[in-house]
Amino acid sequence: MVKKSIVLIGFMGVGKTTVGKEIARKLNRNFVDIDHVIEREFNMPTTEIFKEYGEETFRKKEKELIKRYTQHRKLVISVGGGAFLQEEVKYLCLSSAVVVFLNISWDTWKDRIYFLTRTRPNLQGKSIEEIKQLFIERQPIYKDHHIKIDTDNLNIGEAAYKVINALGTI
Ligand SMILES: Nc1ncnc2c1ncn2[C@@H]1O[C@H](COP(=O)(O)OP(=O)(O)O)[C@@H](O)[C@H]1O
Ligand SMILES: O=C(O)C1=C[C@@H](OP(=O)(O)O)[C@@H](O)[C@H](O)C1
Ligand SMILES: [Mg+2]
């Protein structure tokens, strides 16, 4: 098994946090969810950070923390769906970790929307058409990765298993 840290990327709600936790449990590694670390540092949920300080401040902190955690080996790290908007973050992850893109189709994703809007500032106040547009616009930022896993029709355990299997092949 690779000794590098594993970084999970993909659109909001694809399962980076839940699947990441499960991968870490199965591999007996420590798990870091960058959004959770940011929320702990600001002592408020992401939605409040966006409202109080703005997205730019959030992105700055996100980059700082990703820089810190990608220096470690053997972690499983879930980054937010917008982290790869920052070229430096993308470069840091690709050069020091194994980047796993969790992929989901729009058809599967749209059935999850009701679980997500309350906690995702970038979905709030948007119509389904606008969210679909964001989903499409975001796809290019995930195109650089080491492993791609299609998660449609997989439950959380199956998705974690598929990632671990793929890690064994590189
Ligand atoms: N493979 C899956 N099948 C069904 N539901 C899932 C799957 N992966 C994640 N979920 C659910 O989708 C929601 C968002 O998952 P989460 O891990 O927070 O996504 P992300 O961190 O990518 O934003 C949660 O309610 C989670 O339980
Ligand atoms: O895609 C985005 O812009 C964001 C995704 C969120 O993480 P998840 O991808 O874990 O939902 C979180 O970092 C923040 O709300 C911004
Ligand atoms: Mg998450």
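For clarity, every value in this text was computed on a predicted model and none was experimentally measured.

Asks: For this particular structure, what's the right way to read the site of ligand 1?
Replies: Around ligand 1, the structure places 14 residues, and the nearest of them are Gly13, Lys16, Thr17, Thr18 and Arg120. Here an oxygen atom of ligand 1 and a backbone polar atom of Gly15 are 3.0 Å apart. Separating a nitrogen atom of ligand 1 from a side-chain N or O atom of Arg112 is a distance of 3.4 Å. Expressed as a share of its isolated accessible area of 570 Å², the protein-covered part of ligand 1 is 75%. With respect to the detected pockets, ligand 1 is housed in the largest pocket. The element best represented in the shell around ligand 1 is helix H1 (residues 16–27), accounting for 3 residues. Each residue belonging to the shell around ligand 1 can be placed in one class, and the counts come to 6 nonpolar, 5 polar and 3 charged.

Asks: So what exactly am I meant to see when it comes to the side chain of Glu62 here?
Replies: Residue position: Glu62 is located in helix H4 (residues 55–69). You can call Glu62 buried: its relative accessible area is 0%. Aside from chain neighbours lying at most four places away, what touches Glu62 is Ile34, Ile38, Gly80, Gly82, Ala83 and Gln86.

Asks: Can you help me understand the layout of surface pockets in this one?
Replies: In this approach a probe as big as a water molecule rolls over the atoms, and the regions it shows empty are the leftover space. Empty space within the largest pocket amounts to approximately 820 Å³. Residue lining of the largest pocket: 38 residues in total, with Met12, Gly13, Thr17, Leu116 and Arg120 positioned closest to the centre. The set of elements that each furnish at least two residues to the lining of the largest pocket consists of H1, helix H2 (34–42), helix H3 (46–53), H4, helix H7 (113–116) and helix H9 (156–167). Examining the composition of the lining of the largest pocket, we find that 5 residues originate from one element, H1, more than from any other. Residues of the lining of the largest pocket, tallied by class, amount to 13 nonpolar, 15 polar and 10 charged.

Asks: Explain the UniProt feature "binding site: substrate" (unreviewed entry) in the chain here, please?
Replies: Within the UniProt annotation, "binding site: substrate" (unreviewed entry) is assigned to Asp35, Arg59, Gly81 and Arg138. When the annotated set is filtered for residues lining the largest pocket, what remains is Asp35, Arg59, Gly81 and Arg138. With relative accessibility at 11%, the residue Arg59 sits in the buried group. Those residues in contact with Arg59 that lie beyond four places of it in its chain are Gly82, Ala83, Leu85, Gln86, Asn122 and Arg138. Of note, Gly81 is situated in the loop between strand S3 (75–78) and helix H5 (87–96). If we ignore the near neighbours within four places in the chain, the residues touching Gly81 are Gly10, Met12, Lys16, Arg138, Ile141 and Tyr142.

Asks: Can you help me understand the packing of H2 against H4 in this one?
Replies: How two helices sit against one another is set out by the angle between their axes and by the gap between those axes. Where H2 meets H4, the axes come as close as 10 Å, and the angle between the chain directions of the two elements is 120 degrees. Every pair of crossing elements has a handedness; the one defined by H2 and H4 is right-handed. Taking contact as the criterion, the partners of Ile34, Asp35, Val37, Ile38, Glu41 and Phe42 in H2 are, on H4, Thr57, Phe58, Lys61, Glu62, Leu65, Ile66, Arg68 and Tyr69. Residues belonging to the contact of H2 with H4 are distributed by class as follows: 8 nonpolar, 1 polar and 5 charged.

Asks: What is the right way to read the site of ligand 2 from this model?
Replies: The full set close to ligand 2 counts 13 residues, and Lys16, Asp35, Arg120, Asn122 and Arg138 are the nearest of them. Here an oxygen atom of ligand 2 and a side-chain polar atom of Arg120 are 2.5 Å apart. Burial of ligand 2 by the protein chains amounts to 97% of its free accessible area of 390 Å². In a pocket analysis with a 2 Å cut-off to the grid points, ligand 2 is assigned to the largest pocket. In terms of residue class, the shell around ligand 2 is made up of 3 nonpolar, 5 polar and 5 charged.

Conventions we followed
Residues numbered from 1 in each chain as written. Chains lettered and ligands numbered in written order. Predicted model: local features only at pLDDT ≥ 70, side-chain atom pairs only at ≥ 80, totals over all residues. Heavy atoms only, no water. Near = heavy atom within 4 Å. Polar contact = N/O pair within 3.5 Å; in protein donor to acceptor, adjacent residues only side chain to side chain. Areas by Shrake-Rupley, 256 points an atom, 1.4 Å probe, with all protein chains shown as cover. 1 Å grid on protein atoms, 1.4 Å probe; cavity = no way out; pocket = protein on both sides within 12 Å on 5 of 7 lines; lining within 4 Å. Sits in = over half its atoms within 2 Å of the grid points. Helix = DSSP H or I, 4+ residues; strand = E, 2+ residues; numbered from the N terminus. Nonpolar A, V, L, I, M, F, W, Y, C, P; charged D, E, K, R; others polar. Buried < 20%, exposed > 50% of the residue type's maximum accessible area, 1.4 Å probe, protein only. Contact = heavy atoms within 4.5 Å. Points joined across faces, edges and corners; volume = space filled by probe spheres on them. UniProt positions renumbered as here; feature names shortened; annotations may be inferred. Axes fitted to C-alpha atoms, helices over the stretch in contact; angles between N-to-C directions. Left-handed = near helix turned anticlockwise from the far one by under 90°.

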